[in-house]
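Spelled out, the chains give:
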Amino acid sequence: MTLDPRNTPPQERPPQKSEVRQIEIPAEAADMRLDRWLRKEIPHLSQIQIEKLCRTGQIRLDGGRVKPAQRLTAGATLRLPPLPAPAPDAGAPRGRATSAPSQADARMIQEAVLWKDQHIIVLNKPPGLPSQGGSGQGDRHVDGLTEALKFGYKDRPKLVHRLDKDTSGVLLLARTDRVARALTEAFRERTTRKIYWAACAGVPSPRMGTIRFGLVKAPGRGRGGEGEKMLCIPPARVPETEGAKRATSDYAVIEALGTRAAWVALVPITGRTHQLRAHMAEIGHPIVGDGKYGGSGQENLGDGWGAQLGGEISRKLHLHARSIRITHPITRATMTFVAPLPAHMERTWKTLGWRAEDAPEDPFEDA
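What you are looking at is a predicted structure, and each value in this text was computed from that prediction instead of being measured.

Tallying secondary structure elements over the chain gives six helices and 16 strands in all. Burial analysis of the chain (367 residues in total) assigns 50% to the buried set. Accessible surface computed for the chain: about 18300 Å², of which carbon and sulfur atoms make up 48%.

Turning to helix H6 (residues 343-352), a few remarks are in order. Those residues of H6 not exposed but buried are His344, Met345, Thr348, Trp349 and Leu352. Along H6, the residues classed as buried sweep out an arc of 140° about the axis, all on the same side. For H6, exposure combined with an orientation more than 90 degrees from the buried face picks out Glu346 and Lys350. Its buried side turned inward, H6 meets strand E9 (193-201), strand E13 (249-257), strand E14 (261-268) and strand E15 (319-327).

Spatial ordering of the open sheet is given by E1-E4-E2-E3, a layout of four strands whose pairing is antiparallel. Strands with a single pairing partner mark the edges of an open sheet, and in this sheet they are strand E1 (21-24) and strand E3 (64-65). Of the strand pairs in this sheet, strand E2 (residues 60-61) and strand E4 (residues 77-80) are connected by two bridges, and their pairing is antiparallel. Residue pairing in the sheet places leucine 61 in a bridge with leucine 78 of E4.

Let us now look at the environment of serine 131. Residue placement: serine 131 occurs in the loop between strand E6 (120-125) and strand E7 (158-159). For serine 131, a relative accessible area of 3% gives the class buried. With twelve residues separating them along the chain, serine 131 and aspartate 143 place their C-alpha atoms 6.2 Å apart. Sequence-distant contacts of serine 131, defined by excluding residues within four places in its chain, comprise Lys125, His141, Val142, Asp143, Leu159, Arg162, Leu163 and Leu171. Of note is the side chain of serine 131, whose polar atom sits 2.8 Å from the backbone oxygen of leucine 163.

Quick look at unusual backbone geometry now. In this chain, serine 205 is followed by proline 206 through a cis amide linkage whose omega measures 0°. The backbone of aspartate 31 sits at a positive phi, close to 75°, despite the residue not being glycine. By secondary structure assignment, the location of aspartate 31 is in the loop between E1 and helix H1 (34-41). For histidine 274, which is not glycine, the phi dihedral falls at a positive 55°. Relative to the helices and strands, histidine 274 resides in the loop between E14 and helix H5 (275-282). On the accessibility criterion, histidine 274 (12% relative accessible area) is buried.

For E9, the tally of buried residues reaches eight of nine residues, placing the bulk of the element in the interior. Taken together, the six bridges between E9 and E15 define a ladder with antiparallel strand orientation. Each residue of the ladder has a partner; that of arginine 193, found in E15, is arginine 325. By the bridge criterion, six bridges tie E9 to E14 in an arrangement that is antiparallel. Looking at the pairing, alanine 199 lines up with tryptophan 263 of E14.

Next up on the list: the nonpolar core. By size, the foremost hydrophobic cluster in this structure holds 31 residues, and its most contacted members are Ile109, Leu123, Val142, Leu266, Ile287 and Leu319. Elements with a minimum of two residues in this core: helix H3 (103-111), E6, strand E8 (168-174), E9, E13, E14, H5 and E15. Aside from chain neighbours lying at most four places away, what touches leucine 266 is Lys194, Ile195, Tyr196, Ala198, Asp250, Tyr251, Leu276, Met280, Ile287 and Leu319. Leu45, Ile50, Leu78 and Leu83 belong to the second-largest nonpolar core, a separate cluster that totals 19 residues.

Quick look at the pairing of E6 now. E6 sits mainly inside the fold: six of its six residues count as buried. Every second residue of E6 is oriented toward a common face, with Ile120, Val122 and Asn124 on one face and Ile121, Leu123 and Lys125 on the other, all of them buried. For strand E5 (residues 113-116) and E6, the ladder comprises three bridges, and the chain directions are antiparallel. The partner of tryptophan 115 across the bridge, within E6, is valine 122. Here E6 pairs with E8 via six bridges, running antiparallel. Counted as the bridge partner of isoleucine 121 is leucine 173 from E8.

Rules used throughout
- Residues numbered from 1 in each chain as written.
- Predicted model: local features only at pLDDT ≥ 70, side-chain atom pairs only at ≥ 80, totals over all residues.
- Heavy atoms only, no water.
- Helix = DSSP H or I, 4+ residues; strand = E, 2+ residues; numbered from the N terminus.
- Buried < 20%, exposed > 50% of the residue type's maximum accessible area, 1.4 Å probe, protein only.
- Areas by Shrake-Rupley, 256 points an atom, 1.4 Å probe, with all protein chains shown as cover.
- Arc of directions from axis to C-beta.
- Contact = heavy atoms within 4.5 Å.
- Pairing = 2+ DSSP bridges.
- Polar contact = N/O pair within 3.5 Å; in protein donor to acceptor, adjacent residues only side chain to side chain.
- Core = buried A, V, L, I, M, F, W, Y, C linked by side-chain atoms within 4.5 Å.

Next comes the structure, spelled out in structure tokens:
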């Protein structure tokens, strides 16, 4: 039997399809997976539907076919085919908070503010708090708590880059679309400088160097891509390895505890997923507490392998975005923001006799 919409009560009419849409990817979506961004923006579109639309070529990015797990680039053009309208009970969008954050969460994220002006907000992101929503994350992530960071402005601030869930430190947000575009371009052109601090197993030799292994995504676990891991590829094999991308990281040892552990400064020249964690593990000096790449169940006895030093030190990832230097997108002033160590790393530094105030602002400048 064919339904005639003209004779169907309004609440029972089949959803009408939209038109073909061309969408410019916004700055805040940069480096997000395509499927996760679509589920956030079009909550009634299921993962199965997204995978089918990609597989059949109906969703295209800059005119080409695209996979659901592909990372987005700000300014790219996404083509969406006609989609069914949402059902009346499709629910609220996922990925952004649907209600105001709790008082405790609002206070927590506001206390994380290092700097704010009418253009940017700089946070010291706590470890364990995701930058954006994903499978199983709910609304408790930085992007979902930005309602508490409006500070009298009409719109929520926008993320312009991300940190891994368990990585703490400096995170930038833009208060306007214009500033978001400018900061995103600065990251793309590598005119910003980010320095991370890490505690690593063993002591890298030489004590300063560059890691150039390419990275390719290993098969993930879980429908939403949970558990995804990057594999290192020798530079010469990157062109012949499907999906591999070149990646470059600089490192410099600031202090060492014999041969057991090192305080290392890290600069990601490129910005690949899990880049610093995968690179340090590949050269035999995984970041302390990194169960994904460092084998947190293996005790490091001083030979440089195994991300477990014993006791509380091994329970959390010891990777912190210590500082970022930018050219302010409006004033054009050069600004450097420094984030204090999180509590677990501060305890480790005290235990190992390392003092944050003894470190140079940029260990690479005099190299």
